[in-house]
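Read off the chains here:
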Amino acid sequence: MRLPTRSRDWRLMGRTARLVLSVPGYALLAGAVAVAALSLFVFSLNAPLVGFAVTGALPLGDRVALLVRQFPFLGPAFTPLQGVLLVGVAALTGVDVAMATYHFREHGVSLRQGGTGAAGVVLGTLGAGCAACGSAVLVGLLSLLGVSTSLLFLPLDGLEFALGALVVLTLSVFWLADGMRGGRIKGCPVDV
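Predicted model only: the values in this text are computed from it and were never measured.

**Let's talk about the packing of aromatic side chains**
(1) Moving on: Considering all chains together, one arrives at two aromatic pairs under this definition.
(2) Moving on: Aromatic pair Y26 and Y102: ring centres 5.3 Å apart, planes at 75 degrees, arrangement edge-to-face. Of this pair, Y26 sits in helix α2 (residues 24–45) while Y102 sits in helix α5 (residues 80–107), and the two are 76 residues apart along the sequence.
(3) Moving on: Using a relative accessible area of 8% as the deciding quantity, one classes Y26 as buried.
(4) Moving on: Seen from their ring centres, F43 and F71 are 5.4 Å apart, and the 70 degrees between their planes marks the pair as edge-to-face. Of the two residues, F43 sits in helix α2 while F71 sits in the loop between α4 (60–68) and α5, which places them 28 residues apart along the sequence.
(5) Moving on: By relative accessible area, F43 is classed as partly exposed at 23%.
(6) Moving on: Classification of F71 as buried rests on a relative accessible area of 16%.

Here's what the structure looks like:
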């Protein structure tokens, strides 16, 4: 399993993503997935408020304003670093899904051959939260394996999950780009 360690690996990723996103259908897919991912991230953090905004007795303009202020840079819910990480994870999720869709459709690759993108999306969902949200979910999952609650005392206040998602999504984009190079069908090098 190769990792993107050379500058030509990063250029390959950028060039392949640019070529896939130059097709309008895949660019729209990437944008829609990025917006959906970001919406899922931010709305899942404050579900009661979102429920009130959708079903409450507010004028439509106030409902929309309440929902829009939940997003990074449009409201007070996230620090600038958290906002950048959330937008980055959402954007990479969109690019990853668009490239995977392109790869599956154009090269006939099966879903079994490319499962790293799903891991990135799961980590991105965990990373959308704070230490209390993402860590608590991860502790609940990892407690089955005997991991202690020391994960609640993360040094970056839960941003580790978003950083992990960025790493996994970047690797997924690299492996997709590497698999599409030269028309070879390699898919994801990770066995699923």
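**Things to note about the side chain of T170**
(1) Moving on: Mapped onto the fold, T170 is located in helix α8 (residues 159–180).
(2) Moving on: For T170, a relative accessible area of 18% puts it in the buried group.
(3) Moving on: In contact with T170, not counting residues within four places along its chain, are W10, M13 and L92.

**Digging into the environment of F52**
(1) Moving on: Relative to the helices and strands, F52 resides in helix α3 (residues 47–55).
(2) Moving on: Judged by relative accessible area, which is 42%, F52 ranks as partly exposed.
(3) Moving on: Counting along the chain gives eleven residues from F52 to R63, while the straight-line C-alpha distance between them is 8.6 Å.
(4) Moving on: If we ignore the near neighbours within four places in the chain, the residues touching F52 are L58 and L66.

**Details of the side chain of Q70**
(1) Moving on: Structurally, Q70 can be placed in the loop between α4 and α5.
(2) Moving on: The exposure class of Q70 is buried, given its relative accessible area of 11%.
(3) Moving on: Among the polar contacts listed, one links the side chain of Q70 to the backbone oxygen of L66, at a separation of 3.4 Å.

**Section: the pattern of salt bridges**
Side chains that differ in charge, positive against negative, can pair when their charged atoms come close.
(1) Moving on: Summed over the entire model, instances satisfying the criterion amount to three salt bridges.
(2) Moving on: Of the charged contacts, one joins R2 and D178 as a salt bridge, the two residues approaching to 3.8 Å between their closest N and O atoms. With R2 in the segment before α1 (7–21) and D178 in helix α8, this residue pair connects regions lying 176 residues apart in the sequence.
(3) Moving on: Exposure remark for R2: the relative accessible area of 31% places this residue in the partly exposed category.
(4) Moving on: Accessibility expressed as a relative area gives 8% for D178, which makes it buried.
(5) Moving on: Note that D9 is salt-bridged to R6, the shortest N-O span being 3.5 Å.
(6) Moving on: The class of D9 is buried, set by a relative accessible area of 2%.
(7) Moving on: Linked by salt bridges that have partners in common, R2, R6, D9 and D178 make up one network.

**Some thoughts on the packing of α3 against α4**
(1) Moving on: Two elements in contact, α3 and α4, have axes separated by 8 Å at closest approach and are oriented at 160 degrees. Classed by the angle they form, the pair α3 and α4 counts as roughly antiparallel. Our pair here, α3 against α4, has a crossing hand that is left-handed. For the pair α3 and α4, contact is made by L49, V50, F52, A53, V54 and T55 and by R63, L66 and L67, respectively.
(2) Moving on: Partitioning the contact of α3 with α4 into residue classes produces seven nonpolar, one polar and one charged.

Parameters at a glance
- Position labels on residues start from 1 in each chain and follow its written sequence.
- Reporting of local features is limited, given that this is a predicted model, to residues whose pLDDT is at least 70; pairs of side-chain atoms are given and counted only at 80 or more, and all residues count toward the totals for whole chains, interfaces and linings.
- Excluding hydrogens and water, the side-chain figures rest on all heavy atoms present in the structure.
- A pair of Phe, Tyr and Trp rings is counted when the ring centres sit within 6.5 Å of each other, with Trp represented by its six-membered ring. The angle between the planes then sorts it: under 30 degrees is stacked, over 60 is edge-to-face, the rest tilted.
- Elements are defined by DSSP. Helices are runs of H or I of four residues or more, strands are runs of E of two residues or more, and each kind is numbered from the N terminus.
- Throughout, exposure labels follow a simple rule: accessible area from a 1.4 Å probe, protein chains only, divided by the maximum for the residue type, with under 20% read as buried, over 50% as exposed, and the rest as partly exposed.
- Should any heavy atoms of two residues lie within 4.5 Å, those residues are counted as being in contact.
- Pairs of N or O atoms within 3.5 Å make up the polar contacts considered here, provided that, within protein, one atom can donate a hydrogen while the other can accept it, and that residues adjacent in sequence are counted only when both atoms are side-chain atoms.
- Salt bridge, as applied in this entry: a Lys or Arg side-chain nitrogen positioned within 4 Å of an Asp or Glu carboxyl oxygen.
- To obtain an axis, a line is fitted to C-alpha atoms, over the contacting stretch when the element is a helix, and the angle between two such axes runs from 0 to 180 degrees between their N-to-C directions.
- Here the angle decides the label: under 35 degrees means roughly parallel, over 145 means roughly antiparallel, 65 to 115 means roughly perpendicular, and every other value means oblique.
- Each helix crossing is assigned a hand: it is left-handed if the near helix lies turned anticlockwise from the far helix by less than a right angle, otherwise right-handed if that turn is clockwise.
- By the convention adopted, Pro, Cys, Tyr, Trp, Phe, Met, Ile, Leu, Val and Ala count as nonpolar, Lys, Arg, Asp and Glu as charged, and the other residues, Gly among them, as polar.

Everything listed is a geometric property; what it means functionally is a separate question.
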